[in-house]
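# Reading the structure
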Amino acid sequence: MIRIQDLNIHLKDFSLFNINLDIGRNEFFILMGPTGAGKTVLLEAIAGLIPIKSGNIYIGEKNVTKLAPEKRGVSIVYQDYSLFPHLTVRENMRYGLHFHKIDKKLSDQTFDRLVENLNLSYILNRLPLNLSGGELQRVTMARALMVNPDILLLDEPLSALDPAFREEIRAGLKKLHRDSDVTFLMVTHDFAEALSLSDRAAIMNNGKIIQTGSMEGIFKRPDSTFVADFVGMKNLFIAQFRETKAYTGTLEITLSTMPSNGKGYIAIRPEDIVLSREKLTSSMRNSFAGHIIEITDCGLYYETGIMVENIIFKSLVTKSALIDLQLVEGARIFVSFKETAIHTF
Amino acid sequence: MAFILLPLIEMMTAPSFAMLKETIKDKDVVRSIWLSIYTAGSAALISFIFGTPLAYVLARNDFKGKKLIESIIDLPVVIPHPVVGIAILSVAGKNHWIGELINQIGIRIMGSVTGIIVVLTFVGMPFYINSVKSGFESIPPRLEKVSRSLGASMFSTFFRITFPLAWKSMLVGIVMCSARAISEFGAVVIIAYHPMIAPVMIYERFEAYGLKYSQPVAVWLVFICLTLFLILRMLTLHDREKAA
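None of these values were measured; they are calculated from a predicted model.

### Description of the overall build of chain A
- Tallying secondary structure elements over chain A gives 9 helices and 20 strands in all.
- Projected onto the principal axes, the alpha-carbon positions of chain A cover approximately 70 × 45 × 35 Å.
- Per-residue burial over chain A gives 37% buried out of 345 residues.
- Once local pairs closer than 6 in sequence are excluded, the contacts in chain A between residues at least 24 apart make up 66%.

### Quick look at the overall build of chain B
- For chain B, the helix and strand inventory stands at 12 helices and 0 strands.
- Taken from N to C terminus, the helices and strands of chain B fall in the order α-α-α-α-α-α-α-α-α-α-α-α.
- C-alpha extents for chain B along the principal axes are approximately 65 × 50 × 30 Å.
- In chain B, buried positions account for 37% of the 244 residues.
- Look at the contacts in chain B between residues 6 or more apart in sequence, and 78% of them connect residues 24 or more apart.

### Topic: the domain arrangement of chain A
- According to the domain assignment, chain A consists of domain 1 (2–220) and domain 2 (234–344).
- The distance between the C-alpha centroids of domain 1 of chain A and domain 2 of chain A comes to 40 Å.

### Let's talk about the interface of chain B and chain A
- Taken together, the contact between chain B and chain A spans 16 residues of the former and 18 residues of the latter.
- Looking at the side of chain B that touches chain A, the elements with two or more residues in it are helix H8 (141–149) and helix H9 (154–182) of chain B.
- The biggest single contributor to the side of chain B that touches chain A is H8 of chain B, with 6 residues.
- In terms of residue class, the side of chain B that touches chain A is built from 8 nonpolar, 4 polar and 4 charged.

### Overview of the sheet that holds strand E20 (residues 343–344) of chain A
Residues and elements named next belong to chain A.
- Across the sheet, which stays open at both edges, the 5 strands sit in the order E13-E12-E11-E14-E20 with antiparallel pairing between neighbours. Each edge of the open sheet carries a strand with a single partner, namely strand E13 (251–254) and E20.
- As paired elements, strand E14 (residues 263–268) and E20 share 2 bridges and run antiparallel to each other. Bridging across to E20, Ile 266 finds its partner in Thr 344.

### A closer look at helix H5 (residues 81–92) of chain B
All names here are of chain B.
- Here H5 is 12 residues long and its end C-alpha atoms lie 17 Å apart, about the 16 Å a rise of 1.5 Å per residue gives.
- Those residues of H5 that fall on the buried side of the exposure criterion are Val 84, Gly 85, Leu 89 and Ala 92. For H5, the angular spread of buried residues about the axis comes to 130°, placing them on one side. Across from the buried face of H5, at angles greater than 90 degrees, the exposed residues are Val 83 and Ser 90.
- Buried residues in H5 make contact with helix H4 (66–78), helix H6 (97–104), helix H7 (113–137) and helix H10 (186–191).

### Regarding the environment of Glu 216 of chain A
- Within the secondary structure, Glu 216 of chain A is located in helix H7 (residues 215–220).
- Along the sequence, Glu 216 of chain A and Asn 235 of chain A sit 19 residues apart, while their C-alpha atoms lie 18 Å from each other.

### A word on the pairing of strand E18 (residues 311–317) of chain A
All names here are of chain A.
- Bridge count for strand E17 (residues 302–308) against E18 is 7 bridges, and the pairing is antiparallel. Bridge assignment links Glu 303 to a residue of E18, and that residue is Leu 316.
- Connecting E17 to the antiparallel partner E18 that follows it, the hairpin turn spans 2 residues, and Glu 309 within it adopts a positive phi of roughly 50°.

### Description of the sheet that holds strand E4 (residues 54–59) of chain A
Residue and element names in this part refer to chain A.
- Taken in spatial order, the 4 strands of this open sheet run E2-E1-E4-E5, and their pairing is antiparallel. The outermost strands of the open sheet, each flanked by one partner alone, are strand E2 (15–23) and strand E5 (62–63).
- The pairing of strand E1 (residues 2–10) with E2 spans 6 bridges and is classified as antiparallel. In the sheet register, Arg 3 faces E2, and the bridge partner there is Asp 22.
- Across the sheet, helix H1 (residues 39–47) is in contact with E1, E2 and E4; its angle to E1 comes to roughly 115°.

### Some points on unusual backbone geometry
- Each neighbour pair has its own omega, and for His 194 of chain B with Pro 195 of chain B the value is -10°, a cis peptide bond.
- With respect to the element layout, Pro 195 of chain B can be found in the loop between H10 and helix H11 (198–209).

### Some remarks on the nonpolar core
- Ranked by internal contacts, the top residues of the largest apolar core, which has 92 residues, are Ile 30, Leu 31, Ile 46, Leu 153 and Leu 185 of chain A.
- Of the domains in this structure, domain 1 (2–220) and domain 2 (234–344) of chain A are the two that each give at least three residues to this core.
- What Ile 30 of chain A contacts, discounting residues up to four positions off in sequence, is Met 186, Thr 188, Ala 194, Leu 197, Ser 198, Ala 201 and Met 215 of chain A.
- Residues Val 29, Phe 122, Ala 187 and Ile 190 of chain B belong to the second largest nonpolar core, which totals 50 residues.

What counts and how
- All residue numbers here refer to positions counted from 1 along the written sequence of the relevant chain.
- Chain letters and ligand numbers both follow the written order, the letters beginning at A and the numbers at 1.
- Owing to the predicted nature of the model, reporting of local features is limited to residues with pLDDT of at least 70; listing and counting of side-chain atom pairs is limited to 80 or more, with chain, interface and lining totals taken over all residues.
- Strands here mean DSSP runs of E at least two residues long; helices mean DSSP runs of H or I at least four residues long; both are numbered from the N terminus.
- Residue burial is a threshold on neighbouring C-beta atoms within 10 Å of the residue's own C-beta, all placed from the backbone, with 20 or more meaning buried, 12 or fewer meaning exposed, and counts in between meaning partly exposed.
- Placing C-beta atoms from the backbone, we regard two residues as in contact once those atoms come within 7 Å.
- Per the annotation, domain bounds derive from an automatic or database assignment of domains.
- Amino acids are sorted into nonpolar (Ala, Val, Leu, Ile, Met, Phe, Trp, Tyr, Cys and Pro), charged (Asp, Glu, Lys and Arg) and polar (every other residue, Gly among them).
- The criterion for strand pairing is that DSSP finds at least two bridges linking the strands in question.
- Multiplying 1.5 Å by the helix residue count minus one yields the expected span of that helix.
- The arc refers to the directions leading from the helix axis to the C-beta atoms.
- Axis lines are fitted through C-alpha atoms, for helices just across the contact stretch, and the angle between N-to-C directions can take any value from 0 to 180 degrees.
- Buried Ala, Val, Leu, Ile, Met, Phe, Trp, Tyr and Cys residues whose C-beta atoms connect them within 7 Å together make up a nonpolar core.

Okay, here's the thing in structure tokens:
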């Protein structure tokens, strides 16, 4: 549905380099990356709102690179909502209809359906100034969908909402996506959002796309240190590979596969590292003795740092595990992990 | 406060009511005040037509030399008024090819209404542009982007979104520009002593007949200026209430 070829953009504050991206019809695609990575710039480029240096953008089969934004069938929803302050909710929603030849009956149907689905009937005659964050968000979504866009671009639509509201709108988004054939492209910082909504995702950094794939794949099998770090793979070590063994520092770690290269990285998610008082004699062949050097309270869980020889492993434990295992700084402990939990690249 | 108000109140209350009434019956006075309003209004209209696009470009774009253009726009504010008159005269006078050219197509600058409007536009335009520019700047560009993505052309976006959100600043700009223009004396007196605008007439009456005869005309002029500023204050005040 969206095909981007070798896109380059050079603005004063942001640049994009050689962006290539293919997004299928009715896909829910997520863009992630640190602040300043160029995610919003990419959305605005697809919408035709900023000048591009080189490359091509296709929507469907059509090359839209030089097409005016109003002719692309792309609606954009910004994080700050950007509702027209001088128009009521109803006028905001119907704004796009002035410029589209949509049958009045059909547009009235769409209007009524959106008002009902997004629960907007009680605020239709109000100005945006007097609305709450969640209400603003729903109106913005409704306004974008009124014109039956082929593509909906969402720039961190949920990040300005209360956590309680976020859950609700996220569910609403999922339903909207399922019930329509609109292609969704959404920027988010929230992994839970990304995992629950996305079909596929791309990670951006410094104006480049670093990795594309299923969100779960990216989460479990990052192919660069940047992505590994970004998705919270806290155990990331340089290693030498020999057959199915990886050597890092003085440790010998057993792998489930044979890496093709002699040198690279191993990465293990902190939640895949099991702590125990005794050496585990189970299927986990990687088990090492160490001692705890730090324990950090992260709210719902604790992050512990365990020094094994001269390598620090990070592990996440629950509060009850912390008490059961009597984890305190300096305590001797075993770290174990499955071969299949190890990702090499 | 007293420093500003005392001389004004003193002057306003000096002429008797009968004298004020008599003055406003004087055809010359009415004509000069009307000319003042008319030329200042024209200057504001010209500023509106040419200044609005310029203000929009300056508010929305960042380019090399923008600071320079902004400084040039501010120049008329800092140049002494008679110098403005002389500067315009040096271009529009007979000794300059531009002056020669406009003379040939039948436009007279010296001692004409056209000349007065040129001068007033010159001194009033910066006030209009600066006011409208900050008006445009206060409208998030994203509103325009969203409008475009919803199918509106650039033209429709301007008239449906940008203009309704900026018209207040345009109105303020027009008031500022006309207030500045209506009070101009130094530059006008060099270009056109006749036809006589109100400030020139006040000066002339003062020179020829003394304080007592210039005061009533001044009162009428101040009255008009104050009305203009009152409108301005009301508009900005109304705006602030809305934002609160």
